[in-house]
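Geometric and topological summary
Given next are the chains, with one letter for each unit.
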Protein chains: 6
Amino acid sequence: MVVNLPDKIGREAILQVHTRNKPLAQDADLMEVAATTPGLSGADIKNLCNEAALLAAKRGQQEVHLKDFIDSLEKIILGPERPIVLSPADRERIAYHESGHAILGLVVPGADPVNRVSIVPRGQALGVTYQRPPADRYNYPEAYLRARIIGMLGGRAAEEIVYGTKTTGAENDIEQATDLAHNMVTRWGMSEKLGMVKLAARQNQYLGMGQRQLDAVSEQTAALVDEEVHKIINDSHEQAKQLLRDHRQQLDALVTALLERETLDEHEILDVTGLPPAPALKDLPNQAKL
Amino acid sequence: MVVNLPDKIGREAILQVHTRNKPLAQDADLMEVAATTPGLSGADIKNLCNEAALLAAKRGQQEVHLKDFIDSLEKIILGPERPIVLSPADRERIAYHESGHAILGLVVPGADPVNRVSIVPRGQALGVTYQRPPADRYNYPEAYLRARIIGMLGGRAAEEIVYGTKTTGAENDIEQATDLAHNMVTRWGMSEKLGMVKLAARQNQYLGMGQRQLDAVSEQTAALVDEEVHKIINDSHEQAKQLLRDHRQQLDALVTALLERETLDEHEILDVTGLPPAPALKDLPNQAKL
Amino acid sequence: MVVNLPDKIGREAILQVHTRNKPLAQDADLMEVAATTPGLSGADIKNLCNEAALLAAKRGQQEVHLKDFIDSLEKIILGPERPIVLSPADRERIAYHESGHAILGLVVPGADPVNRVSIVPRGQALGVTYQRPPADRYNYPEAYLRARIIGMLGGRAAEEIVYGTKTTGAENDIEQATDLAHNMVTRWGMSEKLGMVKLAARQNQYLGMGQRQLDAVSEQTAALVDEEVHKIINDSHEQAKQLLRDHRQQLDALVTALLERETLDEHEILDVTGLPPAPALKDLPNQAKL
Amino acid sequence: MVVNLPDKIGREAILQVHTRNKPLAQDADLMEVAATTPGLSGADIKNLCNEAALLAAKRGQQEVHLKDFIDSLEKIILGPERPIVLSPADRERIAYHESGHAILGLVVPGADPVNRVSIVPRGQALGVTYQRPPADRYNYPEAYLRARIIGMLGGRAAEEIVYGTKTTGAENDIEQATDLAHNMVTRWGMSEKLGMVKLAARQNQYLGMGQRQLDAVSEQTAALVDEEVHKIINDSHEQAKQLLRDHRQQLDALVTALLERETLDEHEILDVTGLPPAPALKDLPNQAKL
Amino acid sequence: MVVNLPDKIGREAILQVHTRNKPLAQDADLMEVAATTPGLSGADIKNLCNEAALLAAKRGQQEVHLKDFIDSLEKIILGPERPIVLSPADRERIAYHESGHAILGLVVPGADPVNRVSIVPRGQALGVTYQRPPADRYNYPEAYLRARIIGMLGGRAAEEIVYGTKTTGAENDIEQATDLAHNMVTRWGMSEKLGMVKLAARQNQYLGMGQRQLDAVSEQTAALVDEEVHKIINDSHEQAKQLLRDHRQQLDALVTALLERETLDEHEILDVTGLPPAPALKDLPNQAKL
Amino acid sequence: MVVNLPDKIGREAILQVHTRNKPLAQDADLMEVAATTPGLSGADIKNLCNEAALLAAKRGQQEVHLKDFIDSLEKIILGPERPIVLSPADRERIAYHESGHAILGLVVPGADPVNRVSIVPRGQALGVTYQRPPADRYNYPEAYLRARIIGMLGGRAAEEIVYGTKTTGAENDIEQATDLAHNMVTRWGMSEKLGMVKLAARQNQYLGMGQRQLDAVSEQTAALVDEEVHKIINDSHEQAKQLLRDHRQQLDALVTALLERETLDEHEILDVTGLPPAPALKDLPNQAKL
């Protein structure tokens, strides 16, 4: 069982170190900031503190507020806003793409809560759906991984059910979903056909997507790996499309709101769609627990 | 969703920087120049400014005009004119090759507008068809990509329907079309048979054509990739030939004009062929829009 | 027949060197410490001596006790404790995972005795089951290797029979079990189908898991290797699940104790489960011995 | 469409630069020299000018004549003459080999005119057939490429129909013919079965023969490439043998002359064989031209 | 036909050089020492001379005796004795393993004479069977190679027929037997099915076992190589087991003696087992000789 | 058509340079020496001159004789004599091995004349059969290559028909024969099934045997290459055995003489065997020649 990167307690400690010489406002609850930043390294957190202080100064504040941290967070992760001029058609399509991710983040059991949806272009992204785990995770259930894959494929799925056409905009989603499905089959023993056999070397997950690797296995095993990965992706893709068809009304509502307001936070998303947060994953109910 | 290189706004800003010390004429609208130069890097744009100023000086002008930018653009992209002596037969064949690209740029829905066609040899090219997107693009629909592939194969297609023979002149077109089709199948999830699975690593698109790569997939998946790429190319090739047969009269007219005038701009092309610009891509009409 | 790393005698000698200037308590039997540390290198043992002395000082003792060595041992192998906050559900699941390893360490003939089970997160691990061979081993019987594989797969097996679901927490177990099964087939001649043929180069066992390698064999041999490895893993997985179903009561008892006490030593484990230590491996009884 | 190396105009300019300080005779028409030297780099041309001047001096001339350039050309391309003593049998076989190339250069439509045939060993070659394109070429029709392959295989073909046996002497011809056929299939879209798909990366054509490469294609595509290359080579081989059987009389006549005179120029070849130069390639006659 | 390393004459010369300044006893016959050391390099022999002198000094002798050379030889080849404490069960198993090698060295025609058997752990080995060719060999008959493979597999074979179980202790034997069988098939033309075809590059035999290599052969040839290697190994394994079953009494006697005395020399082995030395290889008797 | 290394004329010139300061005897005809040394590089020839002068001095001669050159030649090519003590059985087997090569050098049409046979170990070789082409060769007929392969396989063939057993002594022969057969199929277009297709890159022939390479061909082509190489080797092996069975009497006679005299020159070989030199290769008689 592997733990990576600083956890919430570690992040809070790092935040304390790097805000020592910065005037914090009452509302700048570092534990809250720590809770919002799973996945960030120590260096990322140091950057975040500096950016938040700069932003506070730019805003003419004497102290750094929680909002300064939150607003700096997107810049740390995605880069600064870019003043790209998009056609109304492109803008609508991006709104559907992001709303596809977001709606699935609300309706797939076990999905991480949707913090924010935005069609403001930032860094390399034309839009962003930001999902935050409610707590640090150290152990990922298979159902959670499938929920993430379904959510990743939701951008393209929304475009397909609305426009009937595909665009290149899903490239990143395709990379991440394939990577996750490949790991399920080759490293985490989650394929019934292949069982608890390691088939690929562990790779540094924080160095982005590279070429998928396989150990020295036979062609017939390689073919089985491909089939199992394909099956996970295809099933998730079908589920993504069906769930969005079932929630078309909420999807359209979210797009309408996004085109008006550009960015929606968690409360606004719940309000606009009228949907509750995604239910937690349940283990099988008929299993006796201690 | 990935954005690359400076967009129109960025290019305009870079143009302003590099023309700061150059006397610009009234008509030298930098926004117009920016609109004409999608795909250019910052360094390309700096070169362009210098070349335009040199050309203006060479032409005895006090100020740099829009035309100086436009005329320098081809030199930046394709290199200077080359005084190659071609046989009449070669010249005619090149005219048909370029006209094949150009006619398809007019009749395939979604194709980028054809700015210029020329049979003046430049740098490594014996002729050139220059297509400019009407605005910066950040997201490419599948139909647009197919339109580009059809257009790329149009040079060879024209030679085939007119002469019934093939030449080596389509090598670059073959490389680019295969590269695009391969990306559609392996990175953008645009093959029904393979679905939303990533099968090849993202490569730097600005370093020219190299060897096609695949991730560590099985032989049966590799064969499926080959079949799907083959199918995209073959269907596009057939469509290119059929469309040119359907517009043979306009093709011949364009060739006649090219042999006389060597270079035609957008208005002349429309005038000579009597064709309207290519219609825009339409999303499916029966889909409700907001 | 290959011997690696210092053996018990060697380790005792190294311990004597590195405790020369440290005040040892009566109970700090270095032979006992040496018996507890098979697999440690000379450098590990030096670290252990230093850590034990530091711990003794921290505890305000004048002398280094056996307990200081034992308590430092986990830190040497697994890193220091980490104050991770786990949800009750995650904690229970980890308790079942570790108890799965532990119960199999008690009921599979030939398994190394279970020294300690703990759900206190340490270094990269969220929990740990620590098994110690009763003496240095220089030669590993096939049945012992199978016992180890069954034990390695016991964490996931326990999660499956209790929750019916899988998590990523078995990644390390999958790597180690596959590595061992692969060596059985390709280096130790333990597959009936492949016989006493070497099929993979010997690798440094102390550099962690890398990509599995094969010699230059044909595809049909590679497929046979995959099948045999698969069979070992699957059979062991089935055995692990069946044995845990057969000892569900003891499994639950151990989890209950772990959730209360967090860490149990060998005597507590035997006490809580009411199980005897695992029986030794028996060679076939009908074979005449000298 | 790619242009490489200096063309006729470029070569003439380079010739002018490097003959600036050399006394040229009336007949030393640099445009004629430029026409004779397609394929030469700037460095080759500089060497040629120096060699021609040296040869003129050696011949006791005050000025450099056209003949000095022509006679130096072979030395530049093939190296100096080598006084190898060949057996009459070897000499006759080489004469048939070269005459095989030469006769096909006369009778295959589209073949480049045969400038010279020689059985004087030079550099690495025991004999040479020198074919010169009538003008610079920038675009190669498929029929021309097939004509070249047929010609390349003509040396071996002649040996086979005359002696019924094979020798190693065709190695260079085999390399060049395979390379050309492979490019037709993998880079120039000239296989009906594979279509306009790029299957191999463009390689530097001026660095000699290396190992043939393929992109990451499936085994079934690789097999198809092999079949198509094989078919082009085999068909060309059959055509070469049939054409030489049909012109056996002319072949024998050329060999007889070569054994007497060792080297024949274009006029002597036409005279000895009584054949006209190879007809030009015709595009299909039923295609309307402008 | 390849000769490697110094032969007996060369070794004697090297021994003379390195004992020049050492007082040799009457019985220290360097020709005898040379005969005992085939396979040793010049550097090994130099080490041997130094070790023998050190041992003589340690034993309080004025001169170096033959026994000092012999006793130093094992240290040179296997490293010094290691005081490992083995369980009685492990000790017995090792005795059977080594006795399996030794008995086959006595009963397989053509096997090299067995010089010594020992269950004293030395360097990396837990036991050792030392076989010495009666003279330098320059040319190895196929039957001799098969005899060696049978002998190599005899350690595991003995464990199997006595205990019915396998251990990892045969790893080295498996490596060496496979390497030899692979060479028979791929370099020495000793497979009827593959014939006198070279299939793998010659490798430095003195750099230990690496990964087996194959030349660029087809999958079907690679499969045939695997089958032939497999067949040699399997047949030899069966023969080893059958021969040991046929000599079970002698095997047990040798084990009993080994457990008592730990090391037996050639005379003791013959005495304990009551077996004559292995018969020499006979060429077919019905072949006429000169 | 490729020529390599200095030919006879070149070698004579090099000999003249390196004997300039050496007193040559009347009979030291450098043209004769040049004729005896095809395949030698300039550096080899320089060495030869020095060795011959040294040998003459050692023999107490004032001048260097032809015999000094001839006797030094073997040392240059094979290294100095080695005083290896071989058993009578090994010696007889080596005599049969070398005589197998030699007899085939006399009876296979087109084989190079056999200059010398020797069972005196030299350098890495236990025996040597030295064949010298009657003149420099620049072009190798297929029948000549097959004659060489048959001769190369003759050593093993003789051992097989006399002893019925195989040894490792044919390793070098196997390497060279496979290399030649592979080149016939992959570089020289001498397989009917594969035709005039290049399948492997040209390799430096003077750097010894490495791993066989293939271009990027499909598995089915690779299999065809293997089959064709296999067929050439197997057919030649059968021919070698049949020819030696047909000349068993001469084989035995040559062995008897070799065991007595150790080395035989060309005249002695012809005398002992009563065989004429191998007939020259004939081209097909029914082909008209000029």
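Attention in this report is confined to the structure presented alongside it. (Residues numbered from 1 in each chain as written. Chains lettered and ligands numbered in written order. Predicted model: local features only at pLDDT ≥ 70, side-chain atom pairs only at ≥ 80, totals over all residues. Heavy atoms only, no water.)

Considerations on the overall build of chain A
- Secondary structure assignment for chain A yields eleven helices and three strands.
- Reading chain A from its N terminus to its C terminus gives the helix and strand order α-α-α-α-α-β-β-α-α-α-α-α-β-α.
- In terms of C-alpha radius of gyration, chain A reaches 20 Å, essentially the compact-globule figure of 19 Å for 290 residues.
- Based on the C-alpha atoms only, the size of chain A along its principal axes is roughly 65 × 45 × 40 Å.
- Within chain A, buried positions represent 52% of all 290 residues.
- Partitioning the intrachain contacts of chain A with sequence separation of at least 6 by distance along the chain shows that 71% fall at a separation of at least 24.
- On chain A, roughly 12,200 Å² of surface is accessible, and the fraction owed to carbon and sulfur atoms is 51%.
- Of the side chains in chain A, 32 bear a positive and 41 a negative charge, and the two mean positions are spaced by 2 Å. (Helix = DSSP H or I, 4+ residues; strand = E, 2+ residues; numbered from the N terminus. Rg over C-alpha atoms; globule rule 2.2 N^0.38 Å. Buried < 20%, exposed > 50% of the residue type's maximum accessible area, 1.4 Å probe, protein only. Contact = heavy atoms within 4.5 Å. Areas by Shrake-Rupley, 256 points an atom, 1.4 Å probe, with all protein chains shown as cover. Lys, Arg positive; Asp, Glu negative; His and termini not counted. Charge placed at Lys NZ, Arg CZ, Asp CG, Glu CD.)

Some thoughts on the relation of the copies chain F and chain D
- Aligned on chain D, chain F shows an RMSD of 0.1 Å; the corresponding rotation is 60° and the shift along the axis is 0.0 Å. The operation mapping one copy onto its partner corresponds to a six-fold rotation axis. Scanning chain F for the C-alpha nearest the rotation axis identifies Glu219(F), at a separation of 7.0 Å.
- When the interface residues of chain F are mapped onto chain D, a mere 5% of them again lie at the interface, so each copy presents a different face. (Least-squares fit on C-alpha atoms with pLDDT ≥ 70 in both.)

A short note on the interface of chain E and chain C
- Listed as interface residues are 50 residues of chain E and, on the opposing side, 40 residues of chain C.
- Carbon and sulfur atoms supply 52% of the area buried between chain E and chain C, which totals about 4,200 Å² over both sides.
- Looking at the side of chain E facing chain C, the largest losses of area belong to Lys166(E), Thr168(E) and Arg212(E), adding up to 16% of the total buried there.
- Here chain E and chain C share two salt bridges between them.
- Between Glu192(C) and Lys166(E) there is a salt bridge, and its shortest N-O distance comes to 2.7 Å.
- For the interface between chain E and chain C, the tally reads 16 residue pairs in polar contact (both at pLDDT 80 or more).
- Among the secondary structure elements, those contributing two or more residues to the side of chain E that touches chain C are helix H5 (88–107), helix H7 (154–163), helix H8 (171–186), helix H9 (219–246) and helix H10 (248–261) of chain E.
- Considering each element in turn, the side of chain E that touches chain C owes the most residues, nine residues, to H9(E).
- Class assignment for the residues of the side of chain E that touches chain C results in 20 nonpolar, 16 polar and 14 charged. (Buried area = accessible area lost by both parts, 1.4 Å probe. Salt bridge = Lys/Arg side-chain N within 4 Å of Asp/Glu carboxyl O. Polar contact = N/O pair within 3.5 Å; in protein donor to acceptor, adjacent residues only side chain to side chain. Nonpolar A, V, L, I, M, F, W, Y, C, P; charged D, E, K, R; others polar.)

Some words on the interface of chain F and chain D
- Each partner contributes residues to the interface: chain F has 41 residues there, and chain D has 51 residues.
- Counting every contact that joins chain F to chain D gives two salt bridges.
- In this assembly, chain F and chain D are joined by 16 residue pairs in polar contact (both at pLDDT 80 or more).
- The set of elements that each furnish at least two residues to the side of chain F that touches chain D consists of helix H6 (142–152) and helix H9 (219–246) of chain F.

Concerning the side chain of Asp68(A)
- By the element assignment, Asp68(A) lies in helix H4 (residues 66–78).
- Within the structure, Asp68(A) has its side chain in polar contact with the side chain of Arg59(A) (distance 2.7 Å).

Quick notes on the packing of aromatic side chains
- In the structure shown here, the tally under the stated rule is twelve aromatic pairs over all chains.
- An angle of 25° between the planes, with centres 5.7 Å apart, marks the rings of Tyr140(C) and Tyr144(C) as stacked.
- Judged by relative accessible area, which is 2%, Tyr144(C) ranks as buried.
- Over the aromatic face of Tyr163(A) sits the side chain of Arg93(A), whose NZ or CZ is 4.4 Å from the ring centroid. (Phe/Tyr/Trp six-rings, centres within 6.5 Å; stacked < 30°, edge-to-face > 60°. Lys NZ or Arg CZ within 6 Å of the ring centre and 35° of its normal.)

A word on the pattern of salt bridges
- All chains considered together, the criterion is met by 79 salt bridges over all chains.
- For Asp71(C), the salt bridge identified is with Lys67(C), shortest N-O distance 2.7 Å. Of this pair, Asp71(C) and Lys67(C) both sit in helix H4 (residues 66–78), four residues apart, which is roughly one turn of the helix.
- Residue classification places Asp71(C) among the buried residues on the basis of a relative accessible area of 18%.
- With a closest N to O distance of 2.6 Å, Asp71(D) and Arg59(D) form a salt bridge. Of the two residues, Asp71(D) sits in helix H4 (residues 66–78) while Arg59(D) sits in the loop between helix H3 (42–58) and H4, which places them twelve residues apart along the sequence.
- Overlapping salt bridges bring together Arg59(A), Lys67(A), Asp68(A) and Asp71(A) as one network.

What to know about the packing of H6(F) against H9(F)
Residue and element names in this part refer to chain F.
- It is at 8 Å that the axes of H6 and H9 come closest, and there the two elements cross at 65°. The crossing of H6 and H9 is right-handed. Where H6 abuts H9, its residues Arg146, Ile149 and Ile150 lie against Ile232, Ile233, Ser236, Gln239, Ala240 and Leu243. (Axes fitted to C-alpha atoms, helices over the stretch in contact; angles between N-to-C directions. Left-handed = near helix turned anticlockwise from the far one by under 90°.)

Considerations on the relation of the copies chain E and chain C
- When chain E is fitted to chain C, the residual RMSD is 0.1 Å, and the transformation amounts to a turn of 60° plus an axial shift of 0.1 Å.
- Mapped onto chain C, only 4% of the interface residues of chain E again fall at the interface, so the copies present different surfaces.

Some details on a negative patch on the surface
All names here are of chain A.
- On the surface, a cluster of negative charge is made up of Asp27, Asp29, Glu32 and Glu63.
- Mapped onto the secondary structure, Glu63 falls in the loop between helix H3 (42–58) and H4.
- On the basis of relative accessibility, which here comes to 35%, the residue Glu63 falls in the partly exposed class. (Patch = residues over 30% accessible without salt bridge, like charges linked within 9 Å, V, L, I, M, F, W, Y side chains within 5 Å.)

Structural notes on unusual backbone geometry
Residue and element names in this part refer to chain C.
- Its identity is not glycine, yet Glu262 carries a phi of approximately 70°, on the positive side.
- Tracing the sequence through the fold places Glu262 in the loop between helix H10 (248–261) and strand S3 (263–265).
- Taking the relative accessible area as the measure of exposure, Glu262 reaches 32% and is therefore partly exposed.

A look at the packing of helix H5 (residues 88–107) of chain F against helix H7 (residues 154–163) of chain F
Residues and elements named next belong to chain F.
- Following both chains from N to C, one finds H5 and H7 inclined at 120°, their axes separated by 7 Å at the closest point. The orientation of H5 relative to H7 falls into the category oblique. Where H5 crosses over H7, the handedness of that crossing is right-handed. In contact with Glu92, Arg93, Tyr96, His97, Gly100, His101 and Leu104 of H5, H7 contributes Gly154, Gly155, Arg156, Ala158, Glu159, Val162 and Tyr163.
- For the contact of H5 with H7, the class distribution of residues is five nonpolar, five polar and four charged. (Parallel < 35°, antiparallel > 145°, perpendicular 65-115°, else oblique.)

Focus on the sheet that holds strand S3 (residues 263–265) of chain A
All names here are of chain A.
- On the basis of which strands lie adjacent, the open sheet formed by three strands has the order S2-S1-S3 and antiparallel pairing. With one partner strand each, in any of the chains shown, strand S2 (128–131) and S3 form the two edges of the open sheet. On average, each strand axis in the sheet is tilted by 10° relative to the strand beside it, whichever way the strands run.
- The strands touched by helix H10 (residues 248–261) within the sheet are strand S1 (114–118) and S3, with S3 carrying the most contacts at an inclination of about 120°.
- In the packing of helix H11 (residues 266–273) onto the sheet, the strands contacted are S1 and S3, and the crossing angle to S3 comes to about 95°. (Pairing = 2+ DSSP bridges.)

A short note on the environment of Pro38(C)
- Relative to the elements of secondary structure, Pro38(C) occurs in the loop between helix H2 (30–36) and helix H3 (42–58).
- For the pair formed by Pro38(C) and Ala95(C), sequence separation is 57 residues and the distance between their alpha carbons is 26 Å.

Some thoughts on the side chain of His182(F)
- Looking at the element boundaries, His182(F) is found in helix H8 (residues 171–186).
- What His182(F) contacts, discounting residues up to four positions off in sequence, is Arg187(F), Arg212(F), Gln213(F), Leu214(F), Val225(F) and Val229(F).

As for the sheet that holds strand S3 (residues 263–265) of chain F
All names here are of chain F.
- Taken together, three strands build an open sheet; the order of strands is S2-S1-S3 and the sheet is antiparallel. This sheet does not close on itself; its edge strands, each paired only once, are strand S2 (128–131) and S3. The average angle at which neighbouring strand axes cross in this sheet is 10°, direction not considered.
- In this structure, strand S1 (residues 114–118) lies alongside S3, joined through three bridges in antiparallel fashion. Residue pairing in the sheet places Arg116 in a bridge with Asp265 of S3.
- Of the strands in this sheet, S1 and S2 touch H5, which is tilted by about 165° from S1.
- Along the sheet, helix H10 (residues 248–261) contacts S1 and S3; its crossing angle with S3, the most-contacted strand, is approximately 120°.

Let's talk about the arrangement of the chains
- When C-alpha atoms are compared, chain C and chain D, though not in contact, are closest at a spacing of 14 Å.
- Nothing in chain D touches chain E, and the closest approach of their C-alpha atoms is 12 Å.

On their own, these measurements won't tell you what the molecule is for.
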